[in-house]
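Tertiary structure, described
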Amino acid sequence: MTTVTEAPPPLAPTPQKKPPRRRGRLTPYWLLLPGILWLLLFFALPMVYQASTSVQTGSLEEGYEVTWHFATYWDAVSEYWPQFLRSVLYAGTATALCLLLGYPLAYLIAFRAGRWRNLILILVIAPFFTSFLIRTLAWKTILADGGPVVGALNSLHLLDVTSWLGITAGDRVLATPLAVVCGLTYNFLPFMILPLYTSLERIDGRLHEAAHDLYAKPFTTFRKVTFPLSMPGVVSGTLLTFIPASGDYVNADLLGSTDTRMVGNVIQGQFLRVLDYPTAAALSFILMAAILIIVTLYIRKSGTEDLV
Amino acid sequence: MTLVRWLKRHLVVLAGLLTLGYLLLPNVVVTVFSFNNPKGRFNYEWQQFSTDAWTDPCGVADLCGSLSLSLQIAAWATLGATVLGTLIAFALVRYRFRARGAVNSLIFLPMAMPEVVMAASLLTLFLNMGAQLGFWTILIAHIMFCLSFVVTAVKARVMSMDPKLEEAARDLYAGPIQTFVRVTLPIAAPGIAAGALLAFALSFDDFIITNFNAGATVTFPMFVWGSAQRGTPVQINVIGTAMFIVAVLIVLSGMVISGRRKRQRA
Amino acid sequence: MMTKDTSGDVRLSGISKTYGSFTAVHPLDLTVPQGSFFALLGASGCGKTTTLRMIAGLEEPTSGSVSLGDQDVTNLPPYKRPVNTVFQSYALFPHLDIFENVAFGLRRRGIKSVKKQVEEMLELVQLGEQARKKPHQLSGGQQQRVAVARALINHPKVLLLDEPLGALDLKLRRQMQLELKRIQTEVGITFIHVTHDQEEAMTMADTVAVMNAGRVEQLGSPADLYENPNTTFVANFLGTSNLIEAEVDTKSGDEIVLKAGGGKLSLPAARCSAPTTTGGKVLVGIRPEKISLTHADDAGGIPEGRNRITGKIADSSFIGVSTQYVIDSPVCPEFEVYAQNIDRDARLIPGADVVLHWNPAHTFGLDATQDIDAGVETVGEEASA
C-alpha cells in the first residue's frame, strides 16, 4: 500500500497501482461494453449453442431437438479415438520439433546476429504475409515423389528407417505422417520463435559473463542460466504451437492421406459435408475440453500464470 | 582439429541458419514456381520458364475477385477489432473494476482455443439463428478472433506508458478529452498500429474459421483451398510472391525511415 | 511578500486521505503563505506526495478542503486549478518537442500566439537552443528545467514540486537547488516542494514541515527544526542526534537536572517539549557537532557548568573537514561526536578514555514514551528508497 501514497523511486518509474479517478465509475464498463459484447455474442454464446447441439437428436429434414442424448459423445469417442490420438501425437511431435528447431534460431537472433538481427527477424515474420495455404502447397513440390528430398532420403536409406517406424510408406513422403508433421512444424514454427526470442532478448548479457566468471562452461551456462530464464518463452511458444496444431486440418488434408486424418478433419467433414451436427459439435466440444485441460495443467506445472 | 573447434563455436549459428532455411524454402519454391509453365492443372512440377502468369495475374476466373474480397474483409475487420480492442485495453490497464478477472479470461480464451472449435461453434450459432452465411458472417467472425490479439498488443504499450503523463496533461489545463487526444492516443499509437497490422494479417490469411462461416462466398484463402482440389493456377504463386515482396519492402522501408530519424536525433 | 497579498495562500483544512483501511494522510491543517518556499519533508510513504497531489487536484481528499486565497478549490479538477506541478521524473510528453511541451498549457487554455512567451520562458531556463529537440535528447538537468518551464509559463498561483531533483546526481542537484531558489525569488510564486532529502529541504525552503506516518510532526524554519526538535523523529531525521534516556532529578525554575548513568545532566526547561515530573523519564538529546571531546587525562581542564559524560572511543573516521567519533559510554553505547579538524589530539584514537562535554544550553529534552530510533535511516531502508 505504500506505493499508493508515495511516488516510486526516481530511477524506476513504475506505473502507479491505483490510477486516480475522480468521476465516472462506469467509464470502464462503457469502454468494455462493445468489445465484450462482441466476444460474448460471437465467442461465448456459440459455445453454449454448440454444447446444446451436441446433445440434440434429429435430422436435417425434421429438425433437431434437445434430448440430452449424451450417447453422441460416447459414439464420437469410440468411433474417432484414432483421430484424437493422432491429433495429440502429431501436434505434440510438431511442438517438440518447433522447440528443437526454433530455439537455435531464436538464440541466434537474440545473441549472435549483431547487425543482421532485424533482417533475420523480418525473414522470420515475412512468410506470414504470404498465404499459409500457398506455402503449404509448396511442400507438395518439395516433398514430391522422386523429388530431391525423397531422392536424398532414399540414397541415405533413411526412408527404410522411417518406413519401418511407420511414419512413411514405401518410396513416398507425401501422404504420410512425416509429411503432415513436417507441414505442421513448418506452419507453426514462427509462433515458437517469436516468444522465445522475446524472452531471450530480455536476458542481460552480463549474466552470461557472470556465469563464465563463476566457472560455468558454455553449455553449463546455457543449461543453468539461459534456458531457465527463457522458460516464459518456452511455455508460451509451446502453447502457441500446440493449440493451433492440434485443431489444424489443413496440413493433414493437403499433405496427408485418409490415414493421417486428424480430429480437425473429422469436425470439418461432419460439419460441412456429412452435416451430422450433433456428432460434429460433440467432437469439437471434446477437443475444446481436452485443450483447456492440457493448457491448464501445463500452465500450473510450469508455474507461469501470467501469460496474458 | 581447428574445423571441429570452429564447428563447436558456431554450432548455434549453423543450426539457426538451417531453421531459417527451412522457414524460407517454401517461399523460394513459391517464387520459382510463379515462373513455371505447368503441363497439367497442377503447378507442382517444374516444366519450363514462363512469365505468362506475371503478365496476367488476374487471368484466372474469380481469383482477383476473391483477393479483393479478402482485402475488404481484412480492412473492415482490422478497423472493427482495433477500435473495440483498444477500448478494452484501455479499460483493463487504466481502471480497476470488479469483473476484471472474467474479462481477462474472456480475452485470453479465444487465443487458447483451436480455430476449428471457434469455427464450428460459430457456425452452430449462425445455423440456429438462420443467418445468411457470407460477407457479414465472415466479418463478424474475423473481428471476434482478431480482437484478443489487438487487446494484447495495445495493452502492452499502454502498460508501459507512464500514467504521470496524463496527470501532467490534466495539470496543464487539458480536460479529459483533450488529454486523450493530445497525449494518450499519440503515445499509444505504436501499440495500436501493431495490433492493427496483426489483425490485418490474421484476417487476410484466415482459412479455417472462414471456411466454416463463408457459405458460398469465396475469399482468397478459400480460393487457394479450392484450387488445391481442382487445379492450382500459377497466378496463385504470383500473388503469393508479390505479397511477400510487398510485405518485406514495407517493413524494410519502415526500418530505414525510423533508423534515419534516430540518426538525425543523435 | 511585502504587500500582504494573500491570493497565493494555500490553506488546507482538516484534509485527509484514506485508501481502504490505510490512512495515507491524517486530518491536517496547514497554511502556506503567498510567496513562500515551503517544503514537505519526510521518508517515503509518509504522505507528503499524497498531500501535494491533493493540492494539485490529482487526488481527491477523503475529508477536508483545499483553498487557494479565498477560493475553495476542493471540487475543481486539476485542469481548472491555477496550480501547476513539476512531476517527479518530469513526465515530459515524449511525442512533443521541447517548445510544444512548454506551450502545452497555454494552448490548452486557447491562447493562440504562444511563440514569444515560450521563447522567453526557454530563455529563463537557458534552453533557447533546444526548442526543437525531443525530451529524450536532453540531459536529466535539461529535462528538469523544461519541466519547470512548462509549469511556470502558466503563471500558476502555486507551483508544486514533487521530488523534482530526485533523478539527478548529487552535483547537478546542488546546482539545481540554487537555480530553483533563484527562479522562485525572481517570479515570487508560492513553491511547495516535496522531498525526502533533509539537506535539500533545509537549503531551499524558508519553512519546512516534517511529515511522518501521515502527520505533520513539526513545522518551522530549518534552523528552528534543527536546533529545537520536538520529537525523536525530527531529531533523528534531520541530521543526527544522540538521545539518552534519563530520569528527572530536580526541577528548579528554568533548569531541569537529570540523572543518567550515574552522572547528572542539566537541561534548560524551555528546551524540553515533554512534561516533566520528578522521577519521570525524559529523553535527552544533543547534536554530535555540539560536543567537545577531551582525553580523560585532561579532564581537570574542562570548565565547570558543562554537561559531561565519560566513555571510550570505539571508532573514528577522518572525513576531511571533521573527524567523526563513535564513543562507547555507559549511558549510550554509540554516542556520535563530530570534531572539527582544528587541533587534532593525537591521543584520540580508538580505545582511548575520553570525556564528552557540552554547553547545557544545547541540550534538548523529548518525551520518553516515543520510539527512540524513529526516523533513523537504516541500511535496509536506504536500499529500498
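Given the structure is predicted, the values throughout are model-derived calculations rather than measurements.

Analysis parameters
Residues numbered from 1 in each chain as written. Chains lettered and ligands numbered in written order. Predicted model: local features only at pLDDT ≥ 70, side-chain atom pairs only at ≥ 80, totals over all residues. Helix = DSSP H or I, 4+ residues; strand = E, 2+ residues; numbered from the N terminus. Rg over C-alpha atoms; globule rule 2.2 N^0.38 Å. Buried ≥ 20, exposed ≤ 12 C-beta atoms within 10 Å, placed from the backbone. Contact = placed C-beta atoms within 7 Å. Nonpolar A, V, L, I, M, F, W, Y, C, P; charged D, E, K, R; others polar. UniProt positions renumbered as here; feature names shortened; annotations may be inferred. Pairing = 2+ DSSP bridges. pLDDT = per-residue confidence, 0-100. Axes fitted to C-alpha atoms, helices over the stretch in contact; angles between N-to-C directions. Parallel < 35°, antiparallel > 145°, perpendicular 65-115°, else oblique. Left-handed = near helix turned anticlockwise from the far one by under 90°. Domains from an automatic or database assignment. Core = buried A, V, L, I, M, F, W, Y, C linked by C-beta atoms within 7 Å.

Regarding its fold elements, chain A presents 14 helices and two strands. Here the C-alpha atoms of chain A give a radius of gyration of 24 Å, more than 25% beyond the 19 Å that 2.2 N^0.38 yields for 308 residues. Dimensions of chain A, computed from C-alpha atoms along their principal axes, come out at roughly 70 × 65 × 35 Å. Every one of the 308 residues in chain A was classed for burial, and the buried ones make up 41%.

For the rest of this paragraph, the subject is the overall build of chain B. Within chain B one finds eleven helices and zero strands. Ordered by position in the sequence, the α and β elements of chain B form the string α-α-α-α-α-α-α-α-α-α-α. Relative to a compact globule of 266 residues, whose C-alpha radius of gyration would be 18 Å, chain B shows 23 Å and is clearly more extended. Counting every position in chain B, which comprises 266 residues, the buried fraction comes to 46%. If you take every contact in chain B between residues at least 6 apart in sequence, the share linking residues at least 24 apart comes to 76%.

All right, on to the interface of chain B and chain C then. The partner chain C presents 20 residues to the 16 residues of chain B that form the contact. Those elements that provide at least two residues to the side of chain B that touches chain C are helix H7 (163–171) and helix H8 (176–205) of chain B. With six residues, H7(B) is the largest single contributor of residues to the side of chain B that touches chain C. Residue composition of the side of chain B that touches chain C, grouped by class: eight nonpolar, two polar and six charged.

Below, the discussion takes up the UniProt feature "transmembrane region" (unreviewed entry) in chain B. All names here are of chain B. Following the UniProt record, one finds the feature "transmembrane region" (unreviewed entry) at residues 12–35, 73–93, 105–127, 133–154, 180–202 and 234–257. Helix and strand shares over residues 12–35 are 92% and 0% respectively, and the end C-alpha atoms of the span are 35 Å apart. Segment residues 73–93 splits into 100% helix and 0% strand. End C-alpha atoms: 29 Å apart.

Before going further, it helps to spend a moment on the environment of B:Ala112. Here B:Ala112 lies in the loop between helix H4 (100–108) and helix H5 (115–129). The spatial distance from the C-alpha of B:Ala112 to the C-alpha of B:Ser227 is 30 Å, given a sequence separation of 115 residues. Excluding anything up to four places from it in sequence, B:Ala112 contacts A:Ile243 and A:Val295.

The next subject is the UniProt feature "domain: ABC transmembrane type-1" (unreviewed entry) in chain B. Residues annotated by UniProt as "domain: ABC transmembrane type-1" (unreviewed entry) correspond here to residues 67–257 of chain B. This span, residues 67–257 of chain B, is 82% helix and 0% strand, and a straight line between its end C-alpha atoms measures 30 Å.

Quick look at the sheet that holds strand E5 (residues 71–72) of chain C now. Residues and elements named next belong to chain C. Strand order in this open sheet of four strands is E2-E1-E4-E5, and the pairing throughout is antiparallel. The open sheet is flanked by strand E2 (22–32) and E5, the only strands paired with a single partner. One ladder, built from seven bridges, connects strand E1 (residues 10–19) with E2; its direction is antiparallel. When the sheet's bridge partners are listed, Arg 11 is paired in E2 with Thr 31.

Right, let's talk about the UniProt feature "domain: ABC transmembrane type-1" (unreviewed entry) in chain A for a bit. The UniProt record marks residues 84–298 of chain A with the feature "domain: ABC transmembrane type-1" (unreviewed entry), using the residue numbering of this structure. Annotated as residues 84–298 of chain A, this span is 78% helix and 0% strand, and its ends, taken at the C-alpha atoms, are 19 Å apart.

This brings us to the confidence of the model for chain B. Overall, the prediction assigns chain B a mean pLDDT of 90, with 97% of residues at 70 or greater. Interface confidence for the predicted complex, expressed as ipTM, amounts to 0.90; the pTM equals 0.80.

Residues and elements named next belong to chain B. The geometry of helix H3 (residues 63–94) relative to H8 is characterised by a closest axis approach of 8 Å and an angle of 140 degrees between their N-to-C directions. When the axis of H3 is compared with that of H8, the two are oblique. The two elements H3 and H8 meet at a crossing, and its hand is right-handed. Along its contact with H3, which presents Ser 70, Ile 73, Ala 74, Ala 77, Thr 78, Ala 81, Thr 82, Gly 85 and Thr 86, the element H8 presents Ile 192, Gly 195, Ala 196, Ala 199, Phe 200, Ser 203 and Phe 204. Its residues assigned to classes, the contact of H3 with H8 comprises nine nonpolar, seven polar and no charged.

Turning next to unusual backbone geometry. Not every positive phi belongs to a glycine, and A:His157 is a case in point at roughly 60 degrees. Along the chain, A:His157 falls in the loop between helix H6 (148–155) and helix H7 (158–165). A tally of 8 C-beta atoms within 10 Å means that A:His157 is categorised as exposed. Positive phi, close to 50 degrees, is recorded for C:Ala213, a residue that is not glycine.

The next point concerns the pairing of strand E17 (residues 322–329) of chain C. Residue and element names in this part refer to chain C. Sheet analysis places strand E16 (residues 307–318) next to E17, joined by six bridges and oriented antiparallel. Within the sheet, the bridge partner assigned to Ser 317 lies in E17 and is Gln 324. Between E16 and E17, which pair antiparallel one after the other, the connecting turn spans three residues, and Gly 320 there sits at a positive phi close to 90 degrees. With seven bridges connecting them, E17 and strand E18 (residues 332–340) associate as antiparallel partners. Directly across from Val 326, in E18, lies its bridge partner Glu 336.

The next point concerns the interface of chain A and chain B. Listed per partner, the contact involves 75 residues of chain A and 75 residues of chain B. If one sorts the elements of the side of chain A that touches chain B by residue count, helix H2 (residues 27–54) of chain A sits on top with 18 residues. Grouping the constituent residues of the side of chain A that touches chain B by class yields 56 nonpolar, 15 polar and four charged.

Once that is clear, we can look at the sheet that holds strand E7 (residues 158–162) of chain C. All names here are of chain C. The six strands lie next to each other as E6-E7-E8-E3-E9-E10, forming an open sheet whose pairing is mixed. Edge strands, defined here as strands with exactly one partner in the open sheet, are strand E6 (83–86) and strand E10 (215–220). When strand polarity is set aside, the average angle formed by the axes of neighbouring strands in this sheet is 20 degrees. Pairing of strand E3 (residues 37–41) with strand E8 (residues 190–195) involves five bridges; the strand directions are parallel. Note on E8: the bridge partner recorded for Leu 40 is Val 194.

Another aspect to go through is the domain arrangement of chain B. According to the domain assignment, chain B consists of domain 1 (2–50) and domain 2 (61–232). Between the C-alpha centres of domain 1 of chain B and domain 2 of chain B the distance comes to 33 Å.

B:Ile88 and C:Ile192 are the most contacted members of the largest nonpolar core, which totals 247 residues. Looking at this core, the element that brings in the most residues is helix H8 (residues 177–201) of chain A, giving 15 residues. Apart from the residues within four sequence positions on either side, B:Ile88 is in contact with A:Leu31, A:Leu32, A:Gly35, A:Ile36, B:Ile107 and B:Val151.

Once that is clear, we can look at the UniProt feature "transmembrane region" (unreviewed entry) in chain A. Residue and element names in this part refer to chain A. According to UniProt, the "transmembrane region" (unreviewed entry) feature falls on residues 29–49, 88–111, 118–138, 174–197, 225–245 and 280–299. Taken end to end, residues 29–49 comprises 100% helix and 0% strand; its first and last C-alpha atoms sit 26 Å apart. Structurally, residues 88–111 comprises 100% helix and 0% strand, and the distance from its first C-alpha atom to its last is 33 Å.

All names here are of chain C. Most of E3 sits out of view: five of its five residues are buried. Across the two faces of E3 the burial is the same, with Phe 37, Ala 39 and Leu 41 and Phe 38 and Leu 40 all buried. Two elements, E3 and strand E9 (residues 207–212), share four bridges in a ladder whose sense is parallel. From the neighbouring strand, Phe 38 faces E9, where its bridge partner is Thr 207.

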